[in-house]
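Chain residues, written in single-letter form:
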Amino acid sequence: MKSPLDIRKIFDALDRQHPGADTELHYTTAFELLAATILSAQSTDQRVNLVTPALFARYPDAETMAQAAPEDLEPLIHSTGFFRAKAKSLIGMARMLVAEHGGEVPADMDALTALPGVGRKTANVVLGHALHVPGFPVDRHVLRVSNRIGIADGDDPEQVEAQLCAELPPERWTRASDTLILHGRRICKPKPLCDQCDVRTHCDEAARATRKTPSRTARSRKQ
Ligand code: SF4
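Rules used throughout
Residues numbered from 1 in each chain as written. Predicted model: local features only at pLDDT ≥ 70, side-chain atom pairs only at ≥ 80, totals over all residues. Near = placed C-beta within 6 Å. Helix = DSSP H or I, 4+ residues; strand = E, 2+ residues; numbered from the N terminus. Nonpolar A, V, L, I, M, F, W, Y, C, P; charged D, E, K, R; others polar. Axes fitted to C-alpha atoms, helices over the stretch in contact; angles between N-to-C directions. Parallel < 35°, antiparallel > 145°, perpendicular 65-115°, else oblique. Left-handed = near helix turned anticlockwise from the far one by under 90°. Contact = placed C-beta atoms within 7 Å. Expected span 1.5 Å × (residues − 1). Buried ≥ 20, exposed ≤ 12 C-beta atoms within 10 Å, placed from the backbone.

Visitor: How do you make sense of the site of the ligand when you look at a structure like this?
Guide: If you check the shell around the ligand, you find 14 residues, and the closest are Cys-188, Cys-194, Cys-197, Arg-200 and Cys-203. Listed by contribution, the elements that provide at least two residues to the shell around the ligand are α9 (140–149) and α12 (204–212). Considering every element that reaches the shell around the ligand, the biggest residue donor is α9, with 3 residues. Taken together, the residues of the shell around the ligand break down into 11 nonpolar, no polar and 3 charged.

See below:
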């Protein structure tokens, strides 16, 4: 187990390696970020950013999107994949915002996760980035990177979220998640680029890999 001080040092080093880490989704309002995050499921932020300008030009808020039919939305979001389910979620989400929240995105985890298509990760993205409520989104990158480094243990997103939140003050949660996500996309990919990683001296996975690979001297002694 790593000490709280070590964990802070790891996050500080990741901050320095990825200065200004932020969500890569483009948005101007909480509603746009909520819709973009729903669209990002099983897609990429870059792909979503290509479709949202036209989508938000036509449906800039919950009121306008609530009046859409699925066949209006589907062509606009087709390239993000699972477009039928996503169109249904977007319209359902917009209608519930209008019916229950005056068309506004609520700054509350329970209210957000009650919306169609919105899970805990999506809710945390919106809370942390657009509503100034600390949130720690845990996606597959956060799971992979935090387990490899050894600052979290497990593959349950909610448990890993709780473990990571316990190590940092709330004001660092959202940025820390963004940093882990960027690290997972750029450096600690499924096939990790450990030689480019600024936390390799703290990383459990890197230590395991070093133990598995005998040094040149050890190899030559065996031959
Ligand atoms: S040292 Fe390698 S495995 Fe560990 S966090 Fe860095 S890139 Fe990932």
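Visitor: What is the right way to look at the packing of helix α2 (residues 30–39) against helix α6 (residues 83–101) in this model?
Guide: In a packed pair of helices, the relevant descriptors are the angle between the two axes and the axis-to-axis distance. Contact pair α2 / α6: the axes reach a minimum separation of 10 Å and the direction vectors enclose 155°. Here α6 runs roughly antiparallel to α2, going by the angle between their axes. Helix-helix and strand crossings are classified by hand; for α2 and α6 the assignment is right-handed. Of the residues in α6, those in contact with Leu-34, Ala-35, Ile-38 and Leu-39 of α2 are Lys-86, Ser-89, Leu-90 and Met-93. Grouping the constituent residues of the contact of α2 with α6 by class yields 6 nonpolar, 1 polar and 1 charged.

Visitor: Explain helix α11 (residues 170–186) here, please?
Guide: Note: α-helices contain 3.6 residues per turn, so residues at a spacing of three or four share the same orientation. Here α11 spans 25 Å end to end across 17 residues, near enough to the 24 Å set by a 1.5 Å rise per residue. For α11, the tally of buried residues reaches 12 of 17 residues, placing the bulk of the element in the interior. Along α11, the residues that are buried comprise Trp-173, Thr-174, Arg-175, Ala-176, Ser-177, Asp-178, Thr-179, Leu-180, Ile-181, Leu-182, His-183 and Gly-184. On its buried face, α11 is in contact with α1 (4–17), α8 (120–130), α9 and α10 (157–167).

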